[in-house]
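Structural overview
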Amino acid sequence: RASGPLRGRPAAMEAREPLRDVRGALRAVLARLREGEPSEGREPFELQRFWDALGQTFQVASQEATKLSLAFSRPPLPSAENCRKLSEDVQNAILAVATVYYWLPKGQGTTLRKMVRDATTEVVEGMIQLTDTILNAPVESLSQEQLISTGGVWEACEQVSNLPRDNQAAVVSALAASLGVVKDAVEEMEQALVEGQDPYGDIMEDEELGFRGNRDTYWSEADRQLLSSCIGLMKASKACLKKVLAAVKAYGKADSPEHIAQLDDLADIANEISPSVDELALSMYPPVNPLAVRLNASLMHFLHFCRTSHVCPPSEEGWVQFLTGAVDHNMNKVKNFTQGQL
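Per chain, residues are indexed from 1 in the order of the written sequence. Under the rules for a predicted model, residues below a pLDDT of 70 receive no local features and side-chain atom pairs below 80 are neither given nor counted, while totals for whole chains, interfaces and linings still include all residues. Neither water nor hydrogens contribute to the side-chain values; these are computed over all heavy atoms in the structure.

Looking at an unreviewed UniProt entry, the chain carries the name CCDB1 protein, with the source organism given as Loxia curvirostra. UniProt positions are given in the numbering used here, feature names are shortened, and annotations may be inferred rather than shown by experiment. The heading Sequence similarities (unreviewed entry) in the UniProt record of the chain holds the text "Belongs to the CCNDBP1 family."

Here it is in structure tokens:
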């Protein structure tokens, strides 16, 4: 005869049944968020009203996560009826979060919308994780996983207060993130050059090739010259991002469709620069040339676009000119070194 924890298991399973349905519904919401486009809202869109509503729905989602977690934290477990009510409230809270996100029209800026969508997605993912944890946990106890999952939903819901409030702020945030990546890559390469590190030191040997084939374990003098030119190009990227970030902070506006679109274009080009810098840092051996050429093209496009957009009044044209020259100079040095090696 079953005794102890096992005795209550079928009833507990049954009580948790509504949670399975909710998990399925939340997964459907998540799939739609990941691929879906928000509607272009039929009524006039008010940014402040949107933010108030989004903040409220995130707060409600956080409260529902707490209620759900508490209900399943200790015996007696909720009845099937209570579980149904809890599940319904969780589902409604998440649907409200997604619905308010869909109010945000494309015209407010794709950079802003992506950040709001990412934050919304995290709340939904967190709630799915929490229902999963409760469904998979032994019924008698509050598990460490459940505590972590509940905290995860709270954190995701708190993010709403840190979201940029318009597309200018969103693009400032995106440019600052790209600049951070580029700064790290430049520091890493400079450090390696000073220390004369073996760039392949972490690859001890290749299983198929045995030891590292015929790769030198140090940089030759020619490598070092090429390397410092590439670092020059990377530093120019850092300077470009820094200057454009300052210009967007000072002059960027999200007050018309044209200005909003120009800001999005700047963010898109900046998004190409940081991975290009990263790749260049990772492949400081030939063939360096194609990667350097690609970074160069992105930088020239970035500077040209900045010059023709509203974030660059005539007073700012001097540094655009200067940086265009610096990028060109470093690119020519890279070309000379790599052609010399062919």
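Next up on the list: the packing of helix H3 (residues 47-71) against helix H5 (residues 110-136). Angular values range over 0 to 180 degrees, each being the angle between N-to-C directions of two axes fitted as lines to C-alpha atoms, with helices fitted over their stretch in contact. Runs of H or I in DSSP of at least four residues are treated as helices and runs of E of at least two as strands, each being numbered from the N terminus. Where H3 meets H5, the closest approach of the two axes is 11 Å, and the angle between their N-to-C directions is 10°. Classified by the angle between their axes, H3 and H5 sit roughly parallel to one another. Relative to H5, H3 is oriented so that their crossing is left-handed. Judged by residue contacts, Phe50, Trp51, Leu54, Phe58, Ala61, Ala65, Leu68 and Ser69 of H3 engage Leu112, Val116, Ala119, Thr120, Val123, Met127, Leu130, Thr131 and Ile134 from H5. Orientation labels follow simple angle bins: below 35 degrees gives roughly parallel, above 145 gives roughly antiparallel, 65 to 115 gives roughly perpendicular, and whatever is left gives oblique. Note: crossing handedness is left-handed where the near helix turns anticlockwise from the far helix by less than a right angle, and right-handed where it turns clockwise. We call two residues in contact whenever any of their non-hydrogen atoms come within 4.5 Å of each other.

Okay, the packing of aromatic side chains next. In this scheme Phe, Tyr and Trp rings, the latter by its six-membered ring, pair at centre separations within 6.5 Å, and the angle between planes marks the pair as stacked below 30 degrees, edge-to-face above 60, and tilted otherwise. Counted according to the given criterion, the structure contains three aromatic pairs. With a centroid separation of 5.8 Å and an interplanar angle of 45°, the aromatic rings of Phe45 and Phe50 are classed as tilted. Using a relative accessible area of 0% as the deciding quantity, one classes Phe50 as buried. Ring plane angle 70° and centroid distance 5.1 Å describe the contact between Phe50 and Trp51, whose orientation is recorded as edge-to-face. The buried label applies to any residue whose accessible area, calculated with a 1.4 Å probe on protein chains only, is under 20% of its type's maximum; exposed applies above 50%, and partly exposed to all values in between.

When a carboxyl oxygen of Asp or Glu is within 4 Å of a side-chain nitrogen of Lys or Arg, the pair counts as a salt bridge. Considering all chains together, one arrives at nine salt bridges under this definition. Linking Asp132 and Arg27 is a salt bridge whose minimum nitrogen-to-oxygen distance equals 3.7 Å. You can see Asp132 sitting in helix H5 and its partner Arg27 sitting in helix H2 (residues 17-35), a full 105 residues away along the chain. Through salt bridges that share partners, Arg23, Arg27 and Asp132 make up one connected network.

Each patch is built from salt-bridge-free residues with over 30% relative accessible area, joining like charges within 9 Å and nonpolar side chains (Val, Leu, Ile, Met, Phe, Trp, Tyr) within 5 Å. Only the protein chains shown count as covering a residue, and every accessible area follows the Shrake-Rupley method with a 1.4 Å probe. By the counting rule applied here, Lys and Arg register as positive and Asp and Glu as negative, while His and the ends of each chain are not counted. Think of each charge as sitting on NZ of Lys, CZ of Arg, CG of Asp or CD of Glu. A cluster of acidic residues, Asp184, Glu187, Glu188 and Asp278, forms a negative patch on the protein surface. The biggest single contributor to the negative patch is helix H7 (residues 167-195), with three residues. Taking the relative accessible area as the measure of exposure, Asp278 reaches 35% and is therefore partly exposed.

Between Pro75 and the following residue, Pro76, the backbone shows a cis peptide bond with an omega angle of -5°. Among the secondary structure elements, Pro76 is positioned in the loop between H3 and helix H4 (80-103).

Moving on: the nonpolar core. Ranked by internal contacts, the top residues of the largest apolar core, which has 92 residues, are Leu54, Val116, Met127, Leu175, Val248 and Phe302. With 13 residues, helix H8 (residues 221-251) is the largest single contributor of residues to this core. Just so you know, the domain bounds were taken from an automatic or database domain assignment. Each of domain 1 (10-162) and domain 2 (167-199 + 214-339) accounts for three or more of the residues forming this core. The contact partners of Phe302, leaving out residues within four places of it in the chain, are Leu175, Cys240, Leu241, Val244, Leu266, Ile269, Ala270 and Ile273. We define a nonpolar core as any set of buried Ala, Val, Leu, Ile, Met, Phe, Trp, Tyr and Cys residues linked to one another through side-chain atoms lying within 4.5 Å.

Right, let's get into the packing of H7 against H8. With their axes 9 Å apart at the nearest point, H7 and H8 run at an angle of 160° to one another. Looking at the two axes, H7 sits roughly antiparallel to H8. H8 is crossed by H7, and the crossing has left-handed handedness. Looking at side-chain class alone, the contact of H7 with H8 contains 17 nonpolar, four polar and seven charged residues. Residues are grouped as follows: Ala, Val, Leu, Ile, Met, Phe, Trp, Tyr, Cys and Pro are nonpolar; Asp, Glu, Lys and Arg are charged; every other residue, Gly included, is polar.

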